[in-house]
Every structure is written in structure tokens, then in C-alpha cells.
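# A closer look at the structure
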Amino acid sequence: MSQVGVQWCRVWVTMLLLLPLAPVEGGELCLMRSVLISLQRVQAASFTKQESLDLPPGARPALYCSNKCTLRDWCQLWCAYPSNTPTHCLVSNIIIMPTYQETNMADVLTCHTTRPKDLATHANITAGKQYMSDPLRVKENLLDGFYNYNRDHCFYTVWSNSDRWFTLDFGQPKCFQHVILYAQDNHYAINQFNNVQVRVSNVTAVTPPEDFAAYDLFGEFPGAASRGQVVEMKSPKSVCARFVTGHMLYNYYFQVCHIEVF
């Protein structure tokens, strides 16, 4: 993500308690948004960076925990726990989208994420063939609104010219300005996220990926990704489209771990 985007997030996050959510053209300001998630799920994410902090007596959890998250440039989520009478703050770099739907309700908390409301979470997806030696790395991982930097939560294709792609379908045209793609968090990213194009369209009758060239180019990443690189593609103005495609032109396996469209 660009440094400009990070700075916007850090400026606005401490003002959440005073300001309502405010839409902007092509997306929304980067405010912290509430989301329900299992505390166990966050704490069990061994690939993430996190800290558990004691809540000082008399401190207001929302102000104290949000400020602690803001002061850590890696923080993406904070939770005050236990939920009834908080005594601790958990700050983490785990990626939880505001529309994430928790399935383990036993120890669910209302946490707060820096991620924006987006279109990719719970969209429909089609994609090239999955690499079956890694059966957990399915295309649906890109749409669940959850990423903990574990490669088993990525999508991984076979090594084939006809399979290094995915298509998101929003059902009807939606307007957005940003597409963000996360490369895997290890040294294989240099080959498995390399020369990637993102295209958009409202046309349904195409053969992927051969006919993707007929779609409008939204953005491209011409180089090889570094470990865990976050690739942000931004349009200078809002774009409205039903379909968003990602296609890796480099001749290797394709692996992408998280997508945001807003």
C-alpha cells in the first residue's frame, strides 16, 4: 500500500469516535470499523504479529486500544477483552475486512479493523485450476475477508498458461477506485506473483484468460513481488464494472493471498 494511503489511515483512525463514516468518490476514508471475530481465531494466528497489552485502571478501552494500534505502523486490528469488562487490548496485523462473517461464535468479540469496506469480500469468483498438492489454497480464500499471512489461506494455481487467473463477479456494476493484491509472505513471491494485470469489464461472454485483453486495463504490476508485498493499483477516477480479473503473464505458478476492491 502506498505511504500516502497509510498516512491517511493514521490521521483519521484516532478521530473515529468523533466522526461518522464519510464516503468519498471511489471508496471511503480509512476509518476503523467494527467487526465480530473470535478472540481464539486472532490469538491462534501464529503467522501474524500481535501484542496483548494491559488496560490501565480507569482507561477507556476504545481510546486506549485505538491509540495503541495507531502508534504501531503494522497494526490492522484491535480488540478489548474480555468483552464484558475489558482488562486487555490485543493489537494485531491480521487482515479482517469489515464484512467478515465469523463462524465460531463461542468467544466472539467486537473488534476494530483499519481495512475499508470493500466489494471483493463475499463476491462470486471463478478462476483457473487450483494446484491440488495444496488442497487448502482454494479460490474462495480470496473472498472470506480473512487473511493471517499463512499460505494455506492463499489461492494457488497450476503452472499453465490457461490457469493463472481469477475473475470477481459483483453481480452488477459497482464503482471503485482501488484494487489491492497481497503476495505470499515468503521468498517464492518473486516467481509466483510476477507480471500481473488487473482488468475490468461489464461483458460476460469471454473465454478466460485468452479474451481478457478485450477488457479495460485497470492496472498492472510489471515486476516480481517481494516477500509479502502489498500491491495497490489505483485509478485516478472512479471506475464502474461488474467484473474484475487478475491474470499473471509470467510463466509459473500463480499465487495471490488477499484481494480488496473499494
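Our structure's up above, just so we're on the same page.
In this report, the structure presented in the accompanying data block is examined. Each chain carries its own residue numbering, running from 1 in the written order of its sequence. Totals for whole chains, interfaces and linings use every residue, but because this is a predicted model, local features are given only for residues with pLDDT of at least 70 and side-chain atom pairs only at 80 or more, for both listing and counting. Where side-chain values are given, they derive from all heavy atoms of the structure, hydrogens and water being excluded.

Along the backbone of the protein there are four helices and 17 strands. Relative to its 262 residues, the protein shows a buried fraction of 49%. Pairs at least 24 residues apart make up 73% of the contacts formed inside the protein by residues separated by at least 6 positions. Each accessible area is a Shrake-Rupley estimate made with a 1.4 Å probe; only the visible protein chains count as cover when residues are assessed. Of the roughly 12,200 Å² of accessible surface on the protein, 54% is carried by carbon and sulfur atoms. Put simply, DSSP H or I for four residues or longer makes a helix, DSSP E for two residues or longer makes a strand, and each gets a number counted from the N terminus. Exposed residues in this analysis have more than 50% of their type's maximum accessible area, buried residues have under 20%, and partly exposed residues fall in between, with area computed by a 1.4 Å probe over protein chains only. The criterion used for residue contact is that any of the two residues' heavy atoms lie within 4.5 Å.

This next bit is on the sheet that holds strand 4 (residues 50-54). In this description, strands pair whenever DSSP reports at least two bridges between them. Spatially, 3-8-5-6-4 is the arrangement adopted by the five strands of the open sheet, whose pairing is antiparallel. Two strands in the sheet have a free side with no partner beyond their single neighbour: strand 3 (33-38) and strand 4. On average, each strand axis in the sheet is inclined to that of its neighbour by 30°, with strand direction left out of account. Taken together, the two bridges between strand 5 (residues 77-81) and strand 8 (residues 108-113) define a ladder with antiparallel strand orientation. Pairing of W78 across the sheet is with H112, part of strand 8. Each axis is a line fitted through C-alpha atoms, taken for helices only over the stretch in contact, and angles between the N-to-C directions span 0 to 180 degrees.

Here we come to the pairing of strand 8. As paired strands, strand 3 and strand 8 are joined by six bridges and run antiparallel to one another. For R33, the partnering residue across the bridge sits in strand 8 and is T113.

Mapped onto the secondary structure, H247 falls in strand 15 (residues 230-248). Judged by its relative accessible area of 13%, H247 falls in the buried class. When sequence neighbours within four positions are dropped, the list of residues in contact with H247 reads N161, R164, W165, N195, V196, Q197, P209 and F212.

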